[in-house]
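Coordinate inspection notes
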Amino acid sequence: MYLIVAALALSGFLVKFTDQLIDEIKKPAPAIVMGIAYGFLGAYAVLEMPVLAPLAIGIVFGVILTKKIDHIAHALGMVTFALPLFMRPVNLDLVLLGVFCAAAVFDEIGNKL
């Protein structure tokens, strides 16, 4: 369980660090590596603890719907998150998925205000 929490924490940190590398530091090559890493870490956490799937997938859908995937590094992060889940699908609670997706959309809209 601690490894899953660490993977989620590191994945979240890498998402923000990837943004910094792209927007502030202007280093796209390391950002691509970080994007791939956060995708795999997120997929690992979901596959090891499938109860997290609606939350993680809802966030991914939310950022896709609000067009926040604005760089190849984040696109690769989404692909590396999705590929393992396609190879080993998890059961999803569709109600929770909808709630988390809506929350992610509202969060992204709120960030623009």
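Our structure's up above, just so we're on the same page.
The notes below deal with the structure included here.

About the thresholds
- Residues numbered from 1 in each chain as written.
- Predicted model: local features only at pLDDT ≥ 70, side-chain atom pairs only at ≥ 80, totals over all residues.
- Heavy atoms only, no water.
- 1 Å grid on protein atoms, 1.4 Å probe; cavity = no way out; pocket = protein on both sides within 12 Å on 5 of 7 lines; lining within 4 Å.
- Points joined across faces, edges and corners; volume = space filled by probe spheres on them.
- Helix = DSSP H or I, 4+ residues; strand = E, 2+ residues; numbered from the N terminus.
- Nonpolar A, V, L, I, M, F, W, Y, C, P; charged D, E, K, R; others polar.
- Patch = residues over 30% accessible without salt bridge, like charges linked within 9 Å, V, L, I, M, F, W, Y side chains within 5 Å.
- Areas by Shrake-Rupley, 256 points an atom, 1.4 Å probe, with all protein chains shown as cover.
- Salt bridge = Lys/Arg side-chain N within 4 Å of Asp/Glu carboxyl O.
- Buried < 20%, exposed > 50% of the residue type's maximum accessible area, 1.4 Å probe, protein only.
- Contact = heavy atoms within 4.5 Å.

Description of the layout of surface pockets
- In this model, the largest pocket occupies a volume close to 810 Å³.
- Around the largest pocket, the lining is made up of 29 residues, and of these Val15, Ile59, Val63, Met78 and Glu108 lie nearest the centre.
- Of all elements in the fold, only α1 (2–23), α2 (28–48), α3 (53–65), α4 (72–87) and α5 (94–112) reach the threshold of two or more residues within the lining of the largest pocket.
- Per-element tally for the lining of the largest pocket: the top contributor is α1, with seven residues.
- Partitioning the lining of the largest pocket into residue classes produces 15 nonpolar, seven polar and seven charged.
- In this model, the second largest pocket occupies a volume close to 250 Å³.
- Together, 13 residues line the second largest pocket, and Ile57, Phe81, Ala82, Leu85 and Phe86 are the ones closest to its centre.
- Sorting the residues of the lining of the second largest pocket by element identifies α3 and α4 as the ones contributing at least two each.

Some remarks on a nonpolar patch on the surface
- The grouping of Leu10, Phe13, Phe17 and Ile25 at the surface amounts to a nonpolar patch, some 360 Å² of accessible area in total.
- For Leu10, the position within the fold is in helix α1.
- On the basis of relative accessible area, Leu10 is assigned to the partly exposed category, the value being 41%.

Notes on the environment of Cys101
- Its place among the elements puts Cys101 in helix α5.
- The exposure class of Cys101 is buried, given its relative accessible area of 13%.
- For Cys101 and Ile64, which are 37 residues apart along the polypeptide, the C-alpha to C-alpha distance reads 9.9 Å.
- Not counting the four nearest positions on each side in its chain, Cys101 is found in contact with Gly58, Phe61, Gly62 and Leu65.

Purely geometric numbers; function is a separate question.
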